[in-house]
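Take a look at the letters that make up each chain.
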Amino acid sequence: MNSKEIIEQYNSSVIGSYGRLPLALESGSGAQGCNADGNTYIDFGSGIGTNSLGYADSQWADAVSEQAHRVQHVSNYYYNSTAAEFAAKLTKMTNTDKIFFGNSGAEANECAIKIARKRSFDKYGDKNRTTIITLVNSFHGRTITTLSATGQEHFHNYFFPFTPGFKYVEANNVQALCEAIDGTVCAIMFEFIQGEGGVNVLEQSFVDEIFALAKQHDLATISDEVQTGVGRTAKLLAAEHFGVKPDIVTLAKGLGGGLPIGVCLTRGEYANVLTPGTHGSTFGGNPVVCAGGLVVLKKLSDPAFMDELQEKAAYFKKSLDALPRVKNVSGLGLMLGAELDGIAASDVLKKALEKGLLVLTAKTKLRCLPPLTITYEQIDAGMAILHEVLENE
Ligand SMILES: Cc1ncc(COP(=O)(O)O)c(C=O)c1O
């Protein structure tokens with residue numbers, strides 16, 4: 001089938017909940033994708049930060065296929081060595097104590113919310129100490145509860161009633177945060193960099209205040225690192241940039257190298273809140289996904305890979321900053337947003353696609369989340385396309 005036929009067949013049978021671009025990706029290698037008609041694309045989006053090692057990394061593909069040939073699923077009745085190894089490795093690397101396995105970012109955040117509320121109830125026996133403070137402009141997922149947690153009014157539509165128990169505070173507004181804390185609050189949940197909200201990095205002083213207030217009021221700190229985690233900011237966790245250790249950390253997107261996984265990592269007393277029967281997920285800890293995830297973790301635990309990642313990220317940011325019409329660049333590592341002058345990011349995205357570059361947007365910004373394995377040559381090639389689009393439009 002050619003691209004046109006694929007798109008027609010897809011649209012005729014799939015619910016139209018997305019505004020898709022007219023591109024059918026059928027194969028790829030590293031940071032280069034290929035469509036059904038044989039055209040190639042430099043990828044500055046990596047499937048929204050998910051193909052962390054790019055398309056079809058050979059070690060990753062071998063590990064996934066070997067695991068699929070051995071055993072693909074065992075259920076939560078039983079144990080499996082690949083899942084055990086992945087859990088041990090990830091908790092060690094992140095300096096956390098225990099993990100819960102799910103399949104997506106929203107599911108990881110649902111788990112975090114449940115742990116924070118149950119810990120509060122277990123400790124205080126108070127059914128009203130359940131409120132979770134989240135930030136205005138945040139994004140935490142598409143389930144009814146994670147939509148509630150998301151601090152953007154336009155997401156609180158159509159699907160009433162939403163889960164109660166969330167309060168929204170403006171990012172970097174310490175006074176508003178202080179005022180929001182009362183006897184009903186049990187946790188503060190935040191992204192270190194608001195991804196969907198426009199690649200906005202939290203201020204260090206605000207992060208420090210979150211942790212100080214949480215300590216003072218015995219509140220859980222939940223960092224949603226679904227987008228910022230797994231090397232995206234050129235460190236394993238974005239928390240490392242801020243020198244803090246949240247009680248609960250959620251990861252998803254890049255963790256499986258493109259296979260569905262979402263995890264909730266916990267520290268200290270939060271590690272033992274969930275007991276048999278209190279939470280579950282059929283596919284959680286799937287061995288095939290964990291086999292792919294182990295290859296991602298192996299790369300991220302190689303100091304040479306991390307050093308190169310930091311250098312590449314600095315080069316990427318400098319190149320983006322130097323483009324015409326770029327007013328400023330926000331973000332950390334390879335999670336970057338460019339504010340543009342006199343041109344809509346959505347138009348740039350469409351023009352770039354026509355010229356062979358995949359890029360993303362976040363609010364008004366042009367957003368780049370390239371694979372962590374992107375080469376300098378691919379960065380240059382993608383920037384040349386952006387240069388052409390920005391100069392000529
Ligand atoms: C910070 C953050 N949290 C949660 C989610 C939801 O993840 P998923 O789509 O895997 O449920 C996203 C997705 O963009 C995200 O960026």
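For the structure, see preceding data.
Summarised in this report is the structure supplied together with it. (Residues numbered from 1 in each chain as written. Predicted model: local features only at pLDDT ≥ 70, side-chain atom pairs only at ≥ 80, totals over all residues. Heavy atoms only, no water.)

Some remarks on the overall build of the protein
For step 1, the next point in the chain: Tallying secondary structure elements over the protein gives 13 helices and 17 strands in all.
For step 2, the next point in the chain: On C-alpha atoms alone, the protein measures out to a radius of gyration of 21 Å, which is about the 21 Å that the 2.2 N^0.38 rule sets for 393 residues.
For step 3, the next point in the chain: At a minimum sequence separation of 6, the contacts of the protein that also span at least 24 residues come to 71%.
For step 4, the next point in the chain: Element-wise, carbon and sulfur atoms account for 52% of the exposed surface of the protein, whose accessible area totals about 17600 Å².
For step 5, the next point in the chain: Charged side chains in the protein number 34 positive and 43 negative. The centres of these two groups are separated by 4 Å. (Helix = DSSP H or I, 4+ residues; strand = E, 2+ residues; numbered from the N terminus. Rg over C-alpha atoms; globule rule 2.2 N^0.38 Å. Contact = heavy atoms within 4.5 Å. Areas by Shrake-Rupley, 256 points an atom, 1.4 Å probe, with all protein chains shown as cover. Lys, Arg positive; Asp, Glu negative; His and termini not counted. Charge placed at Lys NZ, Arg CZ, Asp CG, Glu CD.)

Section: the site of the ligand
For step 1, the next point in the chain: Residues in close proximity to the ligand total 13 residues, the closest being Gly105, Ala106, Asp224, Gln227 and Lys253.
For step 2, the next point in the chain: Here an oxygen atom of the ligand and a backbone polar atom of Gly105 are 2.8 Å apart.
For step 3, the next point in the chain: A distance of 2.7 Å separates a nitrogen atom of the ligand from a polar atom in the side chain of Asp224.
For step 4, the next point in the chain: By residue number, the principal contributor to the shell around the ligand is helix H5 (residues 105-124), which donates three residues. (Near = heavy atom within 4 Å. Polar contact = N/O pair within 3.5 Å; in protein donor to acceptor, adjacent residues only side chain to side chain.)

Points about the nonpolar core
For step 1, the next point in the chain: Counting residues in hydrophobic clusters, the biggest one holds 83 residues, and the most contacted among them are Phe44, Leu320 and Leu386.
For step 2, the next point in the chain: The element contributing the most residues to this core is helix H10 (residues 287-300), with eight residues.
For step 3, the next point in the chain: In terms of domain composition, this core takes at least three residues from each of domain 1 (3-56 + 302-392) and domain 2 (71-300).
For step 4, the next point in the chain: Ignoring anything within four residues of it in the chain, the contact list for Leu386 reads Phe44, Leu320, Leu323, Val348, Ala352, Leu357 and Leu366.
For step 5, the next point in the chain: Of all hydrophobic cores here, the second largest spans 18 residues; its members include Ile132, Ala220, Cys264 and Tyr270. (Core = buried A, V, L, I, M, F, W, Y, C linked by side-chain atoms within 4.5 Å. Buried < 20%, exposed > 50% of the residue type's maximum accessible area, 1.4 Å probe, protein only. Domains from an automatic or database assignment.)

Observations concerning the sheet that holds strand S16 (residues 360-362)
For step 1, the next point in the chain: Reading across from one edge, S13-S14-S17-S16 is the order of the four strands in this open sheet, with antiparallel pairing throughout. On the outer flanks of this sheet lie strand S13 (326-332) and S16, each paired with one strand and no other. Each adjacent strand pair in this sheet contributes to an overall mean axis angle of 30 degrees, direction not counted.
For step 2, the next point in the chain: Against the sheet, helix H11 (residues 303-321) makes contact with S13, strand S14 (335-340) and strand S17 (365-368), and its axis sits at roughly 160 degrees relative to S13, the strand it touches most. (Pairing = 2+ DSSP bridges. Axes fitted to C-alpha atoms, helices over the stretch in contact; angles between N-to-C directions.)

Concerning the sheet that holds strand S6 (residues 166-169)
For step 1, the next point in the chain: Read from one edge of the open sheet, seven strands run S4-S12-S11-S10-S7-S5-S6, paired in mixed fashion. Taken across any chain shown, the strands that pair with only one partner, and hence form the sheet edges, are strand S4 (98-102) and S6. For this sheet, the mean inter-axis angle between neighbouring strands, taken without regard to orientation, is 20 degrees.
For step 2, the next point in the chain: Across four bridges, strand S5 (residues 131-135) lies against S6 in parallel orientation. What sits directly across from Ile133, in S6, is Lys167.
For step 3, the next point in the chain: Docked against the sheet, helix H4 (residues 81-94) engages S4, strand S11 (248-251) and strand S12 (262-266), running at close to 125 degrees with respect to S4.

These results come straight from atomic positions and should not be treated as a statement about function.
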